[in-house]
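# Chain and residue survey
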Amino acid sequence: MGQFVVSPTTHPTECGRFRASISVQRSQGNGSYCRVFRFDKTFASRDAARLFAVSQGWLQTSMAQPPAC
């Protein structure tokens, strides 16, 4: 997504649902960073969790000043 590499992933829970997470990476000149976001919300399907992760990745990379954790 532009100057960022966004990697969405899903993780099965013990109760059969799925959680979403994303890794946002950026490398520019001598500086780089990687942030991992794990979300508490669970989803009925792997596809729903992945769609949520992709949407959150898009939101993070489209903000002029992403929120600091």
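Scroll up to find the structure.
Here we summarise the structure given alongside this text. (Residues numbered from 1 in each chain as written. Predicted model: local features only at pLDDT ≥ 70, side-chain atom pairs only at ≥ 80, totals over all residues. Heavy atoms only, no water.)

Our focus in this paragraph is the sheet that holds strand β1 (residues 5–12). On the basis of which strands lie adjacent, the open sheet formed by 3 strands has the order β1-β2-β3 and antiparallel pairing. Sheet topology places β1 and β3 (31–43) at the edges, where each strand pairs with a single neighbour. For this sheet, the mean inter-axis angle between neighbouring strands, taken without regard to orientation, is 15°. This element, helix α1 (residues 46–62), spans β1, β2 (18–28) and β3 of the sheet and lies at about 30° to β2. (Pairing = 2+ DSSP bridges. Helix = DSSP H or I, 4+ residues; strand = E, 2+ residues; numbered from the N terminus. Axes fitted to C-alpha atoms, helices over the stretch in contact; angles between N-to-C directions. Contact = heavy atoms within 4.5 Å.)

Residue position: S23 is located in strand β2. Polar contacts involving the side chain of S23 include one to the side chain of Q25, which spans 3.4 Å. With residues up to four places along the chain from it excluded, the contact list for S23 reads V5, V6, S7, C34, R35 and V36. (Polar contact = N/O pair within 3.5 Å; in protein donor to acceptor, adjacent residues only side chain to side chain.)

It is worth spelling out the nonpolar core at this point. One finds F4, V6, F18, A20, I22, V24, F37, F39, F43, A49 and A53 forming the largest nonpolar core, which totals 11 residues. Those elements giving two or more residues to this core turn out to be β2, β3 and α1. Per-element accounting of this core gives the leading share, 4 residues, to β2. Among residues more than four places away in sequence, those in contact with F4 are V24, Q25, R26, Y33 and T61. (Core = buried A, V, L, I, M, F, W, Y, C linked by side-chain atoms within 4.5 Å. Buried < 20%, exposed > 50% of the residue type's maximum accessible area, 1.4 Å probe, protein only.)

Shape is all these values report; function is a separate question.
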